[in-house]
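Examination of the molecular architecture
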Amino acid sequence: MAEDELSVTFAALADPTRRAILARLAGGEATVNELAEPFEISLQAVSRHLKVLERAGLISRGRDAQWRPCRLETAPLEGASDWIERYKAVQRDRFDRLDQEIQRIKRTRKEH
Amino acid sequence: MAHTEVIVEPGRQDIVLRRVFDAPRDVVFKAFVDPSLTPQWWGPRQYETIVDHADVRQGGSWRFLNRDADGEYAFHGVFHDITAPERVVQTFEFEGMPGHVALETAVFEERPDGTTLYIGTSVFQSVEDRDGMAASGMEDGLQDSHARFDELLAKLR
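Here goes a summary of the coordinates provided. In this text, all values refer to a predicted model and were calculated from it rather than measured experimentally.

A few words on the overall build of chain B. Looking only at helices and strands, chain B features 3 helices and 8 strands. Residue burial in chain B is summarised as follows: out of 157 residues, 25% are buried. Taking the intrachain contacts of chain B between residues at least 6 apart in sequence as the baseline, contacts between residues at least 24 apart amount to 33%.

Our focus in this paragraph is the nonpolar core. By size, the foremost hydrophobic cluster in this structure holds 25 residues, and its most contacted members are Leu53, Leu58 and Ile59 of chain A. For this core, the secondary structure elements donating two or more residues are helix 1 (3–13), helix 2 (16–25), helix 3 (32–36), helix 4 (43–55) and helix 5 (75–111) of chain A together with strand 2 (14–21) of chain B. Ranked by the residues each element gives to this core, the list is headed by helix 5 of chain A, at 6 residues. Not counting chain neighbours up to four residues away, the residues in contact with Leu58 of chain A comprise Thr9, Ala12, Leu22, Leu53, Glu73, Pro76 and Leu77 of chain A.

Before going further, it helps to examine the packing of helix 2 of chain A against helix 4 of chain A. Residues and elements named next belong to chain A. Where helix 2 meets helix 4, the axes come as close as 10 Å, and the angle between the chain directions of the two elements is 75 degrees. In terms of their interaxial angle, helix 2 and helix 4 are classed as roughly perpendicular. Side by side, helix 2 and helix 4 meet where Thr17, Arg18 and Ile21 of the first sit next to His49, Val52 and Leu53 of the second. When the residues that make up the contact of helix 2 with helix 4 are grouped by side-chain class, the tally is 3 nonpolar, 2 polar and 1 charged.

Another point: the environment of Asp34 of chain B. Mapped onto the fold, Asp34 of chain B is located in the loop between helix 1 (25–33) and helix 2 (38–41). Here the alpha-carbon distance between Asp34 of chain B and Gln13 of chain B, two residues 21 residues apart in the chain, equals 28 Å.

Now for the sheet that holds strand 7 (residues 101–110) of chain B. Residue and element names in this part refer to chain B. Spatially, 1-2-8-7-6-5-4-3 is the arrangement adopted by the 8 strands of the open sheet, whose pairing is antiparallel. Pairing within the sheet leaves two strands with one partner each, and these edge strands are strand 1 (4–7) and strand 3 (48–54). Pairwise comparison of adjacent strand axes, ignoring direction, gives a mean angle of 20 degrees for this sheet. Strand direction decides the pairing type here: strand 6 (residues 87–94) and strand 7, joined by 7 bridges, are antiparallel. Bridge pairing in strand 7 places Val88 opposite Ala106.

Put simply, helix 5 of chain A and helix 1 of chain B touch, their axes get as near as 9 Å, and they point 125 degrees apart. The pairing of helix 5 of chain A with helix 1 of chain B is recorded here as oblique in orientation. Remark: the crossing between helix 5 of chain A and helix 1 of chain B carries right-handed chirality. Contact residues: Leu98, Glu101, Ile102, Ile105 and Lys106 of chain A in helix 5 of chain A; Val27, Val28, Lys30, Ala31 and Phe32 of chain B in helix 1 of chain B. Here the contact of helix 5 of chain A with helix 1 of chain B is built from residues that sort into 7 nonpolar, no polar and 3 charged.

Here we come to the interface of chain B and chain A. Listed by partner, the interface residues are 32 residues for chain B and 29 residues for chain A. Among the elements of the structure, strand 1, strand 2, helix 1, helix 2 and helix 3 (127–156) of chain B are those that each provide at least two residues to the side of chain B that touches chain A. The class makeup of the residues in the side of chain B that touches chain A is 20 nonpolar, 6 polar and 6 charged.

Cut-offs used in this document
- Residues numbered from 1 in each chain as written.
- Chains lettered and ligands numbered in written order.
- Predicted model: local features only at pLDDT ≥ 70, side-chain atom pairs only at ≥ 80, totals over all residues.
- Helix = DSSP H or I, 4+ residues; strand = E, 2+ residues; numbered from the N terminus.
- Buried ≥ 20, exposed ≤ 12 C-beta atoms within 10 Å, placed from the backbone.
- Contact = placed C-beta atoms within 7 Å.
- Core = buried A, V, L, I, M, F, W, Y, C linked by C-beta atoms within 7 Å.
- Axes fitted to C-alpha atoms, helices over the stretch in contact; angles between N-to-C directions.
- Parallel < 35°, antiparallel > 145°, perpendicular 65-115°, else oblique.
- Nonpolar A, V, L, I, M, F, W, Y, C, P; charged D, E, K, R; others polar.
- Pairing = 2+ DSSP bridges.
- Left-handed = near helix turned anticlockwise from the far one by under 90°.

So, in structure tokens, the structure goes:
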């Protein structure tokens, strides 16, 4: 996944309302009205959030002009998750090496 | 091998690391701040880590370099608080992105079984800065796993 696609994914995820919408869609398709229900914001505001999610490829919309149900698309999420996992691997490796140093100091102390 | 928990939540400006070390707190603290040990663990594995300087006291500054065949990457900051063996608060800046500074807090907690819990929190100036830092880790992670794969191949030969 290209880095600019990742930036778009992360920018789309950087909002609690959009994350809540994605969490709802993980349970199945929903219309804009259904998605708007739990939020105290206007339908227009929900539509704007959906546009951001759609541009990021995180959701797709049905063709039915009136209902256009939203569906979760997981591919960009997997890209973002891979990316974070690699970062985590570097951190874990660093702290494994720090641990080796700590164990070495501990052994040296015991010998004295 | 003990587990390092790395928490990178979408839309936040922080990264949190937690790790239990099987050693008393003073030993863990010493290993963490001792500049003579920094090259052993500070950077990603495929880089050589060089300590330019590290004045480990309140108000002191540090500067480390990561070097590989392609070049050098420098990082520096200032120690805001060194309270042995409990806490280190410092700034962190990649010289390739001047002005983007993170505040790092390391806390060491003694546990009843004689082990030590390390909690590291890095707070960035924006979500974008945080994600950018993790992005630089992506390439490192890739190279790192390649290096490990090479090690494995060498053993199989």
